[in-house]
Amino acid sequence: MESVIYDYTRQDARGASCTAHAWAKVPEPLGPAEREATRQRIRQLLAERDAVLIAHYYVDGDIQDLALETGGCVSDSLEMARFGRDHAARTLIVAGVRFMGETAKILSPDKTVLMPDLDATCSLDLGCPPDEFAAFCDAHPDRQVVVYANTSAAVKARADWMVTSSCALAIVRHLKEQGHKILWAPDRHLGRYIQEQTGADMLLWNGACIVHDEFKGLELELLRKEHPEALVLVHPESPRSVVEQADVVGSTSQLLKAVVEGSATEYIVATDNGILHRMRQMAPGKTLIEAPTAGSGATCKSCAHCPWMAMNALQGVLACLERGSGEITVPEPVRSQALGCIDRMLDFVARNPAAIARPQHGFVRHLGAA
């Protein structure tokens, strides 16, 4: 499979820049005829192999469409986890990044979990090595360990709770009400946002998403002046200077809901631009504008796409089905140890569906929650 390799910088827990393992090989696009033939072959094999395609909002639009057309799922990481666990198929094709495949395997150990490219990872996962994180936890034994879904199975195995961006606020607020202090990892922006919203005592790991970390407050302010009627939608993994300008802050599914149900005609979207595919399908009359980033070489203002999500391609999905490539394994006892924090989250969400049913509205520009 033809591919192009990109290198990306990231920061370690001390804030030092590092390119170790921060690379992505993005497949070359297929021509129209080969693309359609590949789609048809995937449809056939999904049915023959008792398999279902589960895709994240950030992957290629062709994969999203194919998942929906074949009875699969396109969603954020919370619903991906639930869908894979509850679906009857014996094989799960998870189009996303590695931690999503690991979560599926943790929840469904008897199912085969395959991914289009096992090297598709996440800067948050890379920036939270299990050994360093374990030492961090050991140094603060009095705190409940809450980790974002964007972490390895080994990190989850050390956690009390796993959360996604759609349920993190509700779960941290619940823990605060119970009198717990929290150790949070790995995204510092999301952790800071939750800390400010809940008032919880939180100790934060220093990690960041290479996509959301690049949104720029000053550039966003200038873009807002060009589109004064547009509502600003922001994922809470973004820096404070961006979040403070938001009309709506929420997870990918919550931002999608805000566009579909909102009365505005224009939206500035500060999250991975992969979500724009589904937004355009579900809200065809709305104008969607990508929020500005520093981009490649600080010259591009609309390059907000995860390089590892871009590694998911139709060719990789087909390889999963034809050759069984890309199989995810999570060894014991890591799997069973990680299961506890995931089950705890899913049980909480099942008991408290209203707590995560809506994005956070009512923001006053530059001030935060009204």
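This structure is a prediction, so every number in the text was calculated from the model and none was measured.

Calculation rules
Residues numbered from 1 in each chain as written. Predicted model: local features only at pLDDT ≥ 70, side-chain atom pairs only at ≥ 80, totals over all residues. Heavy atoms only, no water. Pairing = 2+ DSSP bridges. Helix = DSSP H or I, 4+ residues; strand = E, 2+ residues; numbered from the N terminus. Axes fitted to C-alpha atoms, helices over the stretch in contact; angles between N-to-C directions. Contact = heavy atoms within 4.5 Å. Disulfide = S-S within 2.5 Å. Buried < 20%, exposed > 50% of the residue type's maximum accessible area, 1.4 Å probe, protein only. Left-handed = near helix turned anticlockwise from the far one by under 90°. Nonpolar A, V, L, I, M, F, W, Y, C, P; charged D, E, K, R; others polar. Right-handed = clockwise from strand over helix to strand, strands pointing away. pLDDT = per-residue confidence, 0-100. 1 Å grid on protein atoms, 1.4 Å probe; cavity = no way out; pocket = protein on both sides within 12 Å on 5 of 7 lines; lining within 4 Å. Points joined across faces, edges and corners; volume = space filled by probe spheres on them.

### Some points on the sheet that holds strand β5 (residues 51–56)
Part 1 of the argument: Spatially, four strands are ordered β6-β5-β7-β8 in an open sheet, and the strand pairing comes out parallel. Across the chains shown, the open sheet's two edge strands, defined by having one partner strand only, are β6 (73–75) and β8 (112–114). The sheet shows a mean angle of 20 degrees between the axes of neighbouring strands, direction not considered.
Part 2 of the argument: For β5 and β6, the ladder comprises three bridges, and the chain directions are parallel. Bridging from a neighbouring strand, alanine 55 pairs with valine 74 of β6.
Part 3 of the argument: Set on the sheet, helix α2 (residues 61–69) makes contact with β5, β6 and β7 (91–95); between it and β5 the angle comes to about 135 degrees.
Part 4 of the argument: Helix-sheet contacts for helix α4 (residues 98–107) involve β5, β7 and β8, and the interaxial angle to β7 is about 155 degrees.

### What to know about the state of the cysteines
Part 1 of the argument: One pass over the structure, following the stated rule, counts zero disulfides.
Part 2 of the argument: This cysteine, cysteine 306, is not joined by any disulfide, and cysteine 209 carries the nearest cysteine sulfur, 6.5 Å off.
Part 3 of the argument: The class of cysteine 306 is buried, set by a relative accessible area of 12%.

### Quick look at the packing of helix α1 (residues 32–48) against helix α14 (residues 314–323)
Part 1 of the argument: In the contact formed by α1 and α14, the axes pass within 10 Å of each other and the chain directions differ by 35 degrees. Once α1 is placed against α14, the crossing between them reads as left-handed. Facing Arg35, Thr38, Arg39, Arg41, Ile42, Leu45 and Leu46 of α1, the residues of α14 in contact are Leu314, Val317, Leu318, Leu321 and Glu322.
Part 2 of the argument: Grouping the amino acids of the contact of α1 with α14 by side-chain chemistry returns seven nonpolar, one polar and four charged.

### Here's the deal with the sheet that holds strand β10 (residues 161–163)
The strands making up a sheet associate through backbone hydrogen bonding, with each pair oriented either parallel or antiparallel.
Part 1 of the argument: With parallel pairing, four strands are arranged side by side in an open sheet as β10-β9-β11-β12. Every other strand in the sheet has two partners, leaving β10 and β12 (202–204) as the edge strands with one partner each. The sheet shows a mean angle of 25 degrees between the axes of neighbouring strands, taken without regard to direction.
Part 2 of the argument: Across the sheet, helix α6 (residues 130–138) touches β9 (144–148), β11 (182–185) and β12, and the angle it forms with β11 is around 165 degrees.
Part 3 of the argument: Packed onto the sheet, helix α8 (residues 168–177) meets β9, β10, β11 and β12 and runs at close to 150 degrees relative to β10.

### Structural notes on the pairing of strand β15 (residues 266–270)
Part 1 of the argument: Of all five residues that make up β15, four are buried, and the element is covered over most of its length.
Part 2 of the argument: Across four bridges, strand β13 (residues 231–234) lies against β15 in parallel orientation. Counted as the bridge partner of valine 234 is alanine 270 from β15.
Part 3 of the argument: Sheet topology note: the β15/strand β16 (residues 287–290) ladder contains four bridges and is parallel. When the bridges of β16 are listed, glutamate 266 appears paired with threonine 287.

### Focus: the pairing of β11
Part 1 of the argument: Burial of β11 is two-sided: the residues Ile182 and Trp184 facing one way and the residues Leu183 and Ala185 facing the other way are all buried.
Part 2 of the argument: Pairing between β9 and β11: four bridges, direction parallel. Counted as the bridge partner of valine 146 is tryptophan 184 from β11.
Part 3 of the argument: Relative to β12, β11 is paired through three bridges, and the arrangement is parallel. In the strand pairing of β12, leucine 183 is matched with leucine 203.
Part 4 of the argument: Traced from β11 through helix α9 (residues 188–198) to β12, the parallel crossover comes out right-handed.

### What to know about the confidence of the model for the chain
Part 1 of the argument: On average, residues of the chain score 87 in pLDDT, and 87% of them reach the 70 mark or higher.
Part 2 of the argument: Contacts for the low-pLDDT stretch residues 1–22, under 50 throughout, to residues beyond four places or in other chains number 51 contacts.
Part 3 of the argument: The model gives residues 359–370 a pLDDT under 50, and that stretch makes 38 contacts with residues more than four places away or in other chains.

### Remarks on the layout of surface pockets
Part 1 of the argument: Estimates place the volume of the second largest pocket at around 290 Å³.
Part 2 of the argument: Listing elements by their share of the lining of the second largest pocket, those giving two or more residues are β4 (23–27), α2 and α14.
Part 3 of the argument: In terms of residue class, the lining of the second largest pocket is built from nine nonpolar, four polar and four charged.

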